[in-house]
Every structure is written in structure tokens, then in C-alpha cells.
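Residue-level listing of the chains:
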Amino acid sequence: MRSNLFDASNQEKQTNDRWTLQSHKMLRCALHPQAPEIISAAGAMVAYQGQMDFSYQGSGGGMKLLKKMATGEGANMMRTRGHGEIFYARQAHEIFLIQLENDALTLNTKNMLAFDSSIQWDIRSLGGAGFMAGGLFNLFLQGQGMVAVTSDGPPMLLDCSRQPTFVDPQAAVCWSANLQPQIKNDFKMGSLIGRGSGESFQLAFHGPGFVVVQPSEGVPVVSAG
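Computed from a prediction, not measured in an experiment: that's the story for all the values here.

Basis of the calculations
- Within any chain, residue numbers begin from 1 and follow the written order of that chain's sequence.
- For this predicted model, a pLDDT threshold of at least 70 governs which residues receive local features, and a threshold of 80 or more governs which side-chain atom pairs are given and counted, while totals over whole chains, interfaces and linings are taken from all residues.
- Computation of side-chain values: all heavy atoms of the structure, hydrogens and water removed.
- Note on pairing: two strands pair once DSSP finds at least 2 bridges between them.
- Only DSSP runs of H or I covering at least 4 residues are called helices, and only runs of E covering at least 2 are called strands; the numbering of each starts at the N terminus.
- Only buried residues count toward a nonpolar core. Its members are Ala, Val, Leu, Ile, Met, Phe, Trp, Tyr and Cys residues joined through side-chain atoms within 4.5 Å.
- Partly exposed describes any residue whose relative accessible area lies between the buried limit of under 20% and the exposed limit of over 50%, with all areas from a 1.4 Å probe on protein chains only and scaled to the type maximum.
- Excluding any residue in a salt bridge, patches collect residues exceeding 30% relative accessible area, merging like charges within 9 Å and nonpolar Val, Leu, Ile, Met, Phe, Trp and Tyr side chains within 5 Å.
- Values of accessible area rely on a 1.4 Å probe in the Shrake-Rupley scheme; residue burial ignores everything except the protein chains shown.
- Salt bridges, as used here, are contacts in which a Lys or Arg side-chain nitrogen is within 4 Å of a carboxyl oxygen on Asp or Glu.
- Polar contacts, as counted here, are pairs of nitrogen or oxygen atoms within 3.5 Å of one another; within protein the pair requires one atom able to donate a hydrogen and one able to accept it, and residues that are adjacent in sequence qualify only if both atoms are side-chain atoms.
- Contacts: residue pairs with any heavy atoms within 4.5 Å of one another.
- Grid points spaced at 1 Å over the protein atoms alone were grouped into cavities, where a 1.4 Å probe fits but cannot get out, and pockets, open sets with protein on both sides within 12 Å along at least five of seven lines, with lining residues defined by an atom within 4 Å of a point.
- Grid points are joined across faces, edges and corners, and a volume is the space filled by probe spheres set on the points.
- All residues other than Ala, Val, Leu, Ile, Met, Phe, Trp, Tyr, Cys, Pro, Asp, Glu, Lys and Arg, Gly among them, are scored as polar; the first ten of these are nonpolar and the last four charged.
- Between N-to-C directions, angles span 0 to 180 degrees; the directions come from axes that are lines fitted to C-alpha atoms, helices contributing only their stretch in contact.

A word on the pairing of strand β3 (residues 38-41). Relative to strand β5 (residues 77-88), β3 runs antiparallel, the two being bridged by four bridges. Counterpart to I39 in the pairing with β5 is R79. Here three bridges tie β3 to strand β7 (residues 112-116), and the two strands are oriented antiparallel to one another. Each residue of the ladder has a partner; that of I39, found in β7, is F115.

Written as C-alpha cells, this is what we have:
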């Protein structure tokens, strides 16, 4: 049997690295009993080899549990342990790896693919944002470990320290944890009719740090009727 489907570029990359980009759109993670477990977006697993055990990520109780119940984020996270290789992808989006070295990152929950369970996490909200703004709830990650994020298309990195930066909530991938974005409304209520939330609300960033923006506002919401 002959086909360019069997080219070496399409075969699994053999490496001892725990986190490896199989391609720009496929992530390979190696698991063994002594390694940290992996927390991922539910439904992000596309294949695995070996023995894996999957369970929904627990909240840990307290305020985190209440936040997960209110936002529904609890049902969107999966914990994996085992021995072998597991592959993650999301709608053919591009994947980028971020190594946290005892620092922190704020991530749009829709762009979270996977991260080491050694990283502390919390669900946080943007003060003053209505649900029309989208991206109201975000994931705060802090500690030591690897994080995999997705971008719907080639991302752009913006420096927020030089001047105020405004980003559509659906296009914001992640940003420096020290930045506290505010909600900016450019339209009067009479202008909201027939307009998407991205045209009405922006996240305003200003200060030492960065924000990563994807060239997409996500899948449009189609109203019934």
C-alpha cells in the first residue's frame, strides 16, 4: 500500500519529552504513574495508547465548587492518569505550549486545552461584565508546570504597557496574570439591537504585560426563531 499519508511527517514523534507538539494542531503527552496527572478540556482527547483512567476534574470544594456550579466550567474539565501516550486537539485549532515557572497566567476557558495537575487553578470573573460580554469567567493558573492553549488561527501578541489595548472577549486567548482587564462598552443600548456582543464590549488592558489575541471571535451564536 502506498500513500503520502504514511510519510514520516504524519507518524507519531518518538521522543522522551512529556509534552510534544505532534503538529501545530495535535499535542502528544506522555503519562506514567510517577508523573503529574493532566487536566484537560473535556472532549479534547482524540486518541491514546496504553492504559488511561479518565474522570471529571473535582472542584476541591468551597468557593471553587460554587463557581463551577454557577459557571458550568466543572463539566468542561477532565483529569487523566495512566501509563502511555495521549493525544489532544480541538477543532483543528493551533496549539501552543507555555511553561509556567512559579508564575501565573490568566486564560480564556474556551482556549484551555490541557495543563499539569501540579499547577494551581481557580475560576475567576471579570468585575462589571454582563453575560453579553462573553468570556466573563476565566481560568487563573499559577505554579510550576506546562500549559497547552489553543488559538483559532495564528495568534498575535500585544504589549499592553505602552498604551491602552482593547480586545474582543471572544478573541482574547490569554494574558499576564497581573493585568486586571476592565469591561469597555462602546455602544449605547439602542445600538445593541442586531449586533454581536463582540461589537459592543471589549476587554480593556493597560499595564506591564501582554495579551494574546486570536484572529477569530469563535463560533457565532445563532438565535432560535
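Now that the structure is up, let's keep going.
All right, on to the nonpolar core then. Counting 32 residues, the largest nonpolar core has Y88, F115 and L141 as the members making the most contacts within it. Among the elements of the structure, β2 (26-31), β3, β5, β6 (94-108), β7, β8 (120-125), β9 (137-151) and β12 (172-176) are those that each provide at least two residues to this core. Here the element with the most residues in this core is β9; it accounts for six residues. Membership of the second largest hydrophobic core comes to 11 residues, among which are C160, L203, V211 and V213.

What follows covers a nonpolar patch on the surface. Taken together, the side chains of M1, L5 and F6 make up a nonpolar region of the molecular surface, amounting to roughly 420 Å² of accessible area. Inspection of the secondary structure puts F6 in the segment before β1 (19-23).

A few words now on the side chain of R28. With respect to the element layout, R28 can be found in strand β2. Given the relative accessible area of 4%, R28 is considered buried. Among the polar contacts listed, one links the side chain of R28 to the side chain of E12, at a separation of 2.9 Å. Apart from the residues within four sequence positions on either side, R28 is in contact with E12, K13, T15, D17, R18, W19, T20, Q22, E85, I86 and F87.

Take the layout of surface pockets next. Here the second largest pocket is characterised by a volume of approximately 180 Å³. Only β8 and β9 provide two or more residues apiece to the lining of the second largest pocket. Considering only residue class, the lining of the second largest pocket consists of six nonpolar, five polar and one charged.

Below, the discussion takes up the sheet that holds strand β13 (residues 182-185). Taken in spatial order, the three strands line up as β11-β14-β13 in an open sheet, and their pairing is antiparallel. For this open sheet the edge positions go to β11 (165-167) and β13, each flanked by a neighbour on one side alone. Neighbouring strand axes in the sheet, compared pairwise and without regard to direction, differ in orientation by 40° on average. The pairing of β11 with strand β14 (residues 201-205) spans three bridges and is classified as antiparallel. Residue pairing for β14: F166 is matched across the bridge by A204.

What follows covers unusual backbone geometry. Positive phi, close to 50°, is recorded for Q91, a residue that is not glycine. Look at N102: it is not a glycine, yet its phi comes out positive at around 60°. Following the sequence through the fold, N102 ends up in strand β6. Residue N102 is classed as exposed on the basis of its relative accessible area, which comes to 63%.

Inspection of the secondary structure puts Q22 in strand β1. Contacts of Q22, omitting those with residues within four sequence positions, involve N10, Q11, E12, K13, L27, R28 and F87.

So, about the pairing of β9. Extensive coverage of β9 is indicated by the burial of 12 of its 15 residues. Pairing analysis gives 14 bridges linking β6 to β9, with the strands arranged antiparallel. Residue pairing for β9: I98 is matched across the bridge by V147. Bridge analysis of β7 against β9 gives three bridges, and the strand direction is antiparallel. Across the sheet, residue A114 finds its bridge partner in β9, namely A148. Where β8 meets β9, six bridges bridge the pair, whose relative direction is antiparallel. Paired with I123 across the bridge in β9 is L139.

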